[in-house]
Amino acid sequence: MDFAIDYILIPFIKIFIVFNVVAGVVALLTLAERKVAAWIQVRLGPMRVGPYGILQPLADGLKLMLKEDIVPAGADKWIFTLAPVISLVPAFIVFAVIPFGPADGFTILGHKISYFITDLNIGVLYVLSISSVGIIGIILGGWASNSKYPLLGALRSAAQMVSYEVPLGFSIIGVLILAGSLSLVKIVEAQKAAGFWYVFLQPVGFILFFACGIAETNRAPFDLPEAESELVAGFHTEYSGFRFSLYFLAEYASMIVVSCMAVTLFWGGWLRPFPNVHAFDFLDAFPLAPLVWFAAKVVVFIYAYLWFRWTWPRYRYDQLMKVGWQWLLPLAMANVIVTAVLVLLLKG
Amino acid sequence: MKVRRPNLSLLKKIFLVDLIRGLFLTFSYQRPSLNYTEQYPKVRPKVAERFRGAPRLNNDPETGETLCIACNLCALACPEHCIEVGWERDAKGKKALTSYTFDISRCMFCGLCEDACPTPALELTQDFEMSLYDRRDMKWDRQKLEEGNQPVVYTK
Amino acid sequence: MSTKEEQTLFDASEITVSMGPQHPSTHGVLQVKLKLDGERVIDAECVIGYLHRGVEKLGEAQTYGQFVPTLDRMDYIAAVSNCLGYCEAVEKLLSVTAPPRAQYIRVIMTELNRITSHLLWLGTHAIDLGAVTVFLYCFREREEILKIFENYCGARLTTHMFRIGGTQYEIYDGFQDQVRVFVKDFPKKVDEYETLLTENRIWIGRTRGVGVISAKDAIDMGLTGPSLRGSGVEWDIRKAKPYAAYSDFEFDIPAGEAGDTYDRYMVRLEEMRQSARIISQAVEKIPDGPLMAKMSKIIKPPIGDIYHSIESPKGELGYYIVSDGSTQAYRARVRPPSFVNLQSLKRMVAGHMVADVVAIIGTLDIVLGEIDR
Amino acid sequence: MADEQKDSQQPEKPAEPPKPAAPAGEARAAVPKPPPPPPGAKPAAPAAPPKPKGPQQEPWSSPLVDAIKEKFGGEFIKSYSFLGQNQIVVKKDRIAEIMTFLRDNDIVPLNYLVDETAVHWPKTEEFEIVYILYSHAKNERIRVKTRIKEWEPIESVSGVWTTADWLEREVFDMFGVQYLNHPNLKRILLPEDWVGYPLRKDYNIRLQDVEWVRKHLGIDSGQKYYVGEARHEDGGYVTPSD
């Protein structure tokens, strides 16, 4: 009986909670995007649906559901419908590994519940591999639309994402050297033990990670695939209605994934600002403290995403590649070497 | 005078100074309390006093007849030939206005008719809500020109 | 959307992409047929005429006074300049000069209109390259000027402000204060655009070295206005052949040297500041006096022809009017700057990427109403 | 442009269309004298012609004009300035050479072709091609005019200034002037298969190419009502479609 509860019921409830919370955050993110854009641009943003436009995501969701689902003539029907799902699912299953809090959460009726769904010892590897499955969804979507602009958009985003996976991977190695383990929970505990967030030990690594993260999710200065001005709307030009909203959700979900990873790897996951200094224990006093700290940090990152998008112009396609290969990759490698040498000297 | 062509110094490039300065500027703008959106149908917009909007035929305030002396100068001045003035000689042999049609579907509100009118009869008012459902209603007759346009009041 | 597969000489599979006429970044109904080899543009051919309304034929069918509002609709972004150019051409034909008060009002309004035109150019150019926020900031300033226009002449865009012989409207009280307030804090706003764009590495990457044209080629292609000054030719009709009251004000003519999109961007930014400078001088010393020159109500110019051109925000806007003594022009030819500037798109675009075509169309600052007439 | 003074070799042209085309000289001179002379009898001494109203063409000459006269003697017709704007009238035959000379001479190097357009004179069935040139160095603007019959082609100057490419295409589009050795002379503003040249004086403004509209837009052009009216006004009018 205990087995059933501990290994089937509780994980199922956790998964249910996490899935709904992420879906809710994604919905709120669409509103946040429009609100932040509006404030930056001396506007008010959506104000009509609900007080201060709070219910706008509901309205958008409903609208997209009711919108006509156009499938272009000559499009490959099956792949056309499957592509958005392929890009959405990986973005959600990554959350299984993200540690929202420490292992010893709280106990209910004798059962110990941790703050995360599971703790894979190869957590980082899992996240990297799953998030690169999303690219296939985009390529299939662009190709199956059987029209020129989406094809160009899909090819571009494929090349962009593939070429940014490499520096992304390298920028994480620095953290792995310090933490000594691939499991996300252990990385955060290593930061707790070290008493420092890894962002202070790995500043270059963090900047590279976040830059590649932005490029991975086709956002801000790297959002060439859906460059409105050139390719009309990039790979999801032909999509409309519910399928379009799937792509939309996928983009926002992967944004949250990158923010969570950045927080976990570099900003000390659920740790409060000075984890070991007991004078600051009051920071952890309130219930669910780790969860709140984690959420606060993720919000900061998501705000940074939106902030970048509405401030900077867009890179051109070849510049984007040049930045990726000639700037980020060498810097990432150098960062790894420097970290390795330092660790060897200090620890050796 | 030659225009500046600044180059980023290496230091600025490394510490992303140019990108960050842009960020600070956009961050400094986020004061929603200062932003204001005019809720148009509920709040009437403040239109300039000289706004060239819907035409109107003015009446003499005391006697109440029209000020228009049917001289047809406005019809001649209009580049789009929107105005037709109907008149006939009255008892004293003076021209009297009978009908006056103004086709606002073709009018571009340039104000030439207003300039050409010798009397303060024809005037472009501040009313800009002239949308209609039927193109035929766009040919305003004299009665509509004198009363002016009654827009449907928007009630939520 | 023709996708003809053609095998070219060096058998690059060349696809023809038709960009426009309803494309988000062609600033109006312009169709550009691009021959692409992958991302690189081999050849670009402009198809225009979608907005052709026969303005010149209208000029022959309307009287001189009636033709003025039609001209507002030619370059609808710089309507005031169109109006000024034509009115001055006819005044020259009638050998009549507008009274000084009218000339000063004309200079102020034309320079304000130059700022609105450059603001709209900067907004759309920036939004094409991804900087959405600059668009909103530009339109916030533009709104101030359009309010001044609305208070002055009753319309915001197609203003029909001037009449042949002077201006129709007296300046409303509070006009000078409103203009002073605007001109005082406008340069600070231009500095804000600069912080967002000028030293931004992404903007520099997207605009430097894009759409380069040398000074000699520019003159040979007939480029005028900021597009020419970007290549280093310091030539501006307000200085070369002063009209209205421009000789009373001192201002500089900004010019670049590399002749690429970045230089033209800097030239136009600097021009906005210079326009603000002219307005600040003009607003202080508006002379008193009549608004309209003494001339008969019916305009019947003598037989003969005249060419008069002014510096519109896009370049040299010229009017060649042939009169046969009647109240209607025998021939009213308009020399549109955007039409001639667009010719050099083909030369500027060759060898660039698709994303650069968007930047180059933006930097030429074309308006299709003026191109198609 | 109706030249006041008639030129020797040009066919006689009425001065003002509105006024009845009265031969100049004798009739006008007689009017101001109070006692009307017997018609046909030549008045003893015609009174000085009344001061012609409006600006006149003053003869204008400059080193550049002399250079052209000496280099292209036969081509040069006249040079005058009207309202302060200097103009040269030349024959149409060697227009390209004249333009090359105008661009490359060092007296006034006219390196910028401001505009090239045409004016239709139906009475003499002529197009007047007008080139407006400007010299950046000397800050001078000169207008060169030439006249061609409606059916005669003229050499293109797009070889001299590349600006002329589109300008000439537009003149061809609007007037139907045939340009020799032009890179690609086809319509620029109107659709390729448009019939008729709009800016010609005989192209009635209220009329459009009804055929084109019916063929491409599949609707009966609104101008149909005007076509009837156009026919009513001057019956001889032949619509391009019939």
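Draft legend 1. Region of interest: the interface of chain C and chain B. Of the residues lining the interface, 51 residues belong to chain C; the matching set on chain B comes to 32 residues. Contact between chain C and chain B buries roughly 3500 Å² in total, counting both sides, with carbon and sulfur atoms accounting for 47%. When the buried surface of chain C facing chain B is broken down by residue, Gln66, Glu199 and Arg201 of chain C rank first, second and third, together holding 21% of it. Our count for the chain C to chain B interface comes out at 7 salt bridges.

Draft legend 2. Molecular detail of the sheet that holds strand β1 (residues 57-59) of chain D. Residue and element names in this part refer to chain D. Strand order in the open sheet formed by 6 strands is β1-β2-β3-β6-β5-β4, and the pairing between neighbours is mixed. The open sheet has two free edges, formed respectively by β1 and β4 (112-121), since each of these has just one partner strand. Taking each pair of neighbouring strands and ignoring which way they run, the sheet shows an average axis angle of 30 degrees. The pairing of strand β3 (residues 85-90) with strand β6 (residues 140-149) spans 5 bridges and is parallel. Directly across from Val90, in β6, lies its bridge partner Thr146. Seen against the sheet, helix α2 (residues 63-71) touches β2 (76-82), β3 and β6 and runs at an angle of roughly 165 degrees to β2.

Draft legend 3. Structural context of the interface of chain D and chain C. On the chain C side, the residues contacting the 51 residues of chain D number 46 residues. Buried surface at the junction of chain D and chain C, both sides included, amounts to about 4100 Å², of which 59% is carbon and sulfur. Among the residues of chain D in contact with chain C, Arg141, Trp166 and Leu189 of chain D are the three that bury the most area, contributing 17% of the side total. The tally of links from chain D across to chain C stands at 8 salt bridges. In this structure, Arg333 of chain C and Asp115 of chain D form a salt bridge, with 2.8 Å as the shortest nitrogen-oxygen distance. At the surface where chain D touches chain C, the tally comes to 24 residue pairs in polar contact (both at pLDDT 80 or more).

Draft legend 4. How the structure looks around the packing of aromatic side chains. Residues and elements named next belong to chain A. If you walk through the whole model with that rule in mind, you get 49 aromatic pairs over all chains. Aromatic pair Phe308 and Trp312: ring centres 4.7 Å apart, planes at 15 degrees, arrangement stacked. Here the aromatic residues Trp197, Phe200, Phe206, Phe209, Phe210, Phe266, Trp267, Phe301, Tyr305, Phe308 and Trp312 are joined through ring pairs into a cluster of three or more. The ring of Tyr317 carries the charged tip of Arg156 above its face, separated from the ring centre by 5.3 Å.

Draft legend 5. Examining the side chain of Arg316 of chain A more closely. Residue position: Arg316 of chain A is located in the loop between α11 (289-309) and α12 (317-347). Polar contacts involving the side chain of Arg316 of chain A include one to the side chain of Asp356 of chain C, which spans 2.7 Å.

Draft legend 6. A look at the sheet that holds strand β9 (residues 329-335) of chain C. Residue and element names in this part refer to chain C. Reading across from one edge, β7-β8-β9 is the order of the 3 strands in this open sheet, with antiparallel pairing throughout. Across the chains shown, the open sheet's two edge strands, defined by having one partner strand only, are β7 (304-312) and β9. Taking the axes of each pair of neighbouring strands and ignoring which way they run, one obtains an average angle of 15 degrees across the sheet. Pairing geometry for β7 and strand β8 (residues 315-323), over 9 bridges, is antiparallel.

Draft legend 7. Just the packing of helix α10 (residues 241-266) of chain A against α11 of chain A, in detail. Residue and element names in this part refer to chain A. At their nearest, the axes of α10 and α11 sit 9 Å apart, and the two run at 125 degrees to each other. Taken together, the axes of α10 and α11 lie oblique to each other. For the pair α10 and α11, the crossing hand works out as right-handed. Contact residues: α10 offers Met255, Ile256, Val258, Ser259, Cys260, Ala262, Val263 and Thr264, while α11 offers Phe294, Lys297, Val298, Phe301, Ile302, Tyr305 and Leu306. Among the residues forming the contact of α10 with α11, the class breakdown is 12 nonpolar, 2 polar and 1 charged.

Draft legend 8. Molecular detail of the pattern of salt bridges. Tallied over the entire structure, the rule returns 63 salt bridges over all chains. Residue Asp236 of chain C is joined to Arg229 of chain C by a salt bridge in which the shortest nitrogen-to-oxygen separation is 3.7 Å. On the basis of relative accessibility, which here comes to 2%, the residue Asp236 of chain C falls in the buried class. Arg229 of chain C sits in the buried class, given a relative accessible area of 0%. A salt bridge links Glu170 of chain D to Arg333 of chain C, with the shortest nitrogen-to-oxygen separation between them at 3.4 Å. Residue Glu170 of chain D is located in helix α4 (residues 164-175), and its partner Arg333 of chain C is located in strand β9; the two belong to separate chains. Considered together, Glu170 of chain D and Arg333 of chain C belong to a single accessibility category, that of buried residues. Salt bridges sharing common partners tie together Glu111, Arg114, Arg229, Asp236, Arg238, Glu271 and Glu311 of chain C.

Rules used in this analysis
Residues numbered from 1 in each chain as written. Chains lettered and ligands numbered in written order. Predicted model: local features only at pLDDT ≥ 70, side-chain atom pairs only at ≥ 80, totals over all residues. Heavy atoms only, no water. Contact = heavy atoms within 4.5 Å. Buried area = accessible area lost by both parts, 1.4 Å probe. Salt bridge = Lys/Arg side-chain N within 4 Å of Asp/Glu carboxyl O. Pairing = 2+ DSSP bridges. Helix = DSSP H or I, 4+ residues; strand = E, 2+ residues; numbered from the N terminus. Axes fitted to C-alpha atoms, helices over the stretch in contact; angles between N-to-C directions. Polar contact = N/O pair within 3.5 Å; in protein donor to acceptor, adjacent residues only side chain to side chain. Phe/Tyr/Trp six-rings, centres within 6.5 Å; stacked < 30°, edge-to-face > 60°. Lys NZ or Arg CZ within 6 Å of the ring centre and 35° of its normal. Parallel < 35°, antiparallel > 145°, perpendicular 65-115°, else oblique. Left-handed = near helix turned anticlockwise from the far one by under 90°. Nonpolar A, V, L, I, M, F, W, Y, C, P; charged D, E, K, R; others polar. Buried < 20%, exposed > 50% of the residue type's maximum accessible area, 1.4 Å probe, protein only.

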